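Structural features, examined
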Amino acid sequence: MPDIGYLNGQFSPLKEIRISPDDRGFLFGDGVYEVIRAYHGVPAFWGEHFARLVRSAREIQLTFSLEQTDFQRLLLSGLQQSGYREGKIYIQVTRGVAPREHIFPSKGEPTVFLSFRKMVSLPTEVCQRGVSAITLPDIRWDRCDIKSLNLLPNVLAKQKAQEANAFEAIFVRDGWVNEGATSNIFVVKNGVTITPERNHFVLAGVTQQQVVTLAQAKGQDVQFRPVPISDLFQSDEVFLVGTTIEVLPVIQVNGQPIRDGKPGPITTALQQQFATHVSGLTLS
Ligand SMILES: Cc1ncc(COP(=O)(O)O)c(C=O)c1O
């Protein structure tokens, strides 16, 4: 079965979909997006992703008319048409098609686009062994709480990471660790699991919240609080979380091993808890 796309009311094979060169998403990155992972045909945490999409759109004064129930129907229909049980769904909403002019167009509809692709997960040995990361100055704007289509700093950071043979770039601003270019970050220090507080420099991650809830359910001490860069190197464990990477141990930062350079016990336990949690998700 093919990758499926949905554009403004219509499903088609993804490769047949055409977006206008005047789309403001293309011209200005004037839009917002989400990515949802489907496990065994179930779009995971879709309500949370929808809520964040609506919030992101509202924060950039972009109105689109899609009710939560219609959104769920779209997700399920696209998945069914694609035939993918393990899927990756991108949702992009832009301020629509209009002649190039920075000011919002006075009329016109937003573009609502979804793509349904097969999920290709990281190899198991990478998830078990852990990955390397580098730190980079956070050159992004100060509304990183909005999941905007403007990803140029993230693209440049991820490229730098790859050139350094690392998986992720961790953004640091004024000595404080914010998040990865495509992930949220946790550190574990003296038995406390810490993740940077959600603010204008840190996306409120859906996976981050799930992991916090899972850890708390096991009685762990979890704190949302600022993480100084020194904590990154002096912590017992570091891990990344995100929709497509789930829970991923970091064993080295800037070439320096985290503790003994092996995934720690809290990370490994959370990795397993998360896997169990998503394997039990049902349509609701
Ligand atoms: C900058 C950034 N932070 C955090 C995340 C993790 O968010 P989520 O768990 O909702 O996928 C992502 C994922 O796309 C991201 O791009």
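Reading the values: rules and limits
- Residues numbered from 1 in each chain as written.
- Predicted model: local features only at pLDDT ≥ 70, side-chain atom pairs only at ≥ 80, totals over all residues.
- Near = placed C-beta within 6 Å.
- Helix = DSSP H or I, 4+ residues; strand = E, 2+ residues; numbered from the N terminus.
- Nonpolar A, V, L, I, M, F, W, Y, C, P; charged D, E, K, R; others polar.
- Domains from an automatic or database assignment.
- Pairing = 2+ DSSP bridges.
- Contact = placed C-beta atoms within 7 Å.
- Axes fitted to C-alpha atoms, helices over the stretch in contact; angles between N-to-C directions.
- Parallel < 35°, antiparallel > 145°, perpendicular 65-115°, else oblique.
- Core = buried A, V, L, I, M, F, W, Y, C linked by C-beta atoms within 7 Å.
- Buried ≥ 20, exposed ≤ 12 C-beta atoms within 10 Å, placed from the backbone.

Observations regarding the site of the ligand
Among the 13 residues in the neighbourhood of the ligand, the closest are listed as Gly205, Val206, Thr207, Gly242 and Thr243. Broken down by secondary-structure element, the contributors of at least two residues to the shell around the ligand are α6 (206–217) and β14 (237–242). Counting residues per element, the shell around the ligand draws most heavily on α6, which supplies 3 residues. Of the residues assigned to the shell around the ligand, the class counts are 4 nonpolar, 8 polar and 1 charged.

Here's the deal with the domain arrangement of the chain
We note that the domain assignment places domain 1 (4–118) and domain 2 (124–279) within the chain. Each of domain 1 and domain 2 has a C-alpha centre, and these two points are 26 Å apart. Those elements that provide at least two residues to the side of domain 1 that touches domain 2 are β3 (31–39), α2 (46–59) and β5 (87–94). Here the side of domain 1 that touches domain 2 is composed, by residue class, of 8 nonpolar, 6 polar and 6 charged.

Considerations on the sheet that holds strand β2 (residues 10–13)
Spatial ordering of the open sheet is given by β2-β1-β6-β5-β3-β4, a layout of 6 strands whose pairing is antiparallel. Across the chains shown, the open sheet's two edge strands, defined by having one partner strand only, are β2 and β4 (42–43). Strand direction decides the pairing type here: β5 and strand β6 (residues 111–118), joined by 8 bridges, are antiparallel. Paired with Ile91 across the strands is Leu114, a residue of β6. Taken strand by strand, α2 contacts β3, β4 and β5, and its axis lies near 175 degrees from that of β3.

Thoughts on unusual backbone geometry
Generally, phi is negative for residues other than glycine and the peptide bonds are trans, each holding for most cases. One non-glycine residue with positive phi stands out, namely Phe45, at about 55 degrees. Positive phi, close to 50 degrees, is recorded for Asn190, a residue that is not glycine. The residue Asn190 is located in the loop between β10 (184–189) and β11 (192–195) in this model.

Examining the packing of α6 against helix α8 (residues 265–279)
If you want to describe how two helices pack, look at the angle between their axes and the distance between the axes. Their axes nearest at 10 Å, the elements α6 and α8 cross at an angle of 105 degrees. Between α6 and α8, the crossing angle belongs to the class labelled roughly perpendicular. On the side of α6, the interface is formed by Gln210, Val211, Leu214 and Ala215, while α8 contributes Leu270, Gln273, Phe274 and His277. Class assignment for the residues of the contact of α6 with α8 results in 5 nonpolar, 3 polar and no charged.

Describing the nonpolar core
In terms of nonpolar packing, the biggest core is built from 35 residues, with Ala133, Ala169, Val238, Phe239 and Val250 touching the most fellow members. At the level of elements, β7 (131–137), α5 (152–163), β8 (168–173), β10, α6, β14, β15 (246–253) and α8 are the ones that each hand at least two residues to this core. Leaving out residues up to four positions away in the same chain, Phe239 has contacts with Phe186, Val247, Leu248, Pro249, Val250 and Thr267. Counting residues in each nonpolar core, the second largest holds 24 residues, with Ile4, Val32, Ile36 and Leu74 among its members.

A few points about the pairing of β2
With 4 bridges joining them, strand β1 (residues 4–7) and β2 adopt antiparallel strand pairing. Paired with Ile4 across the strands is Pro13, a residue of β2.

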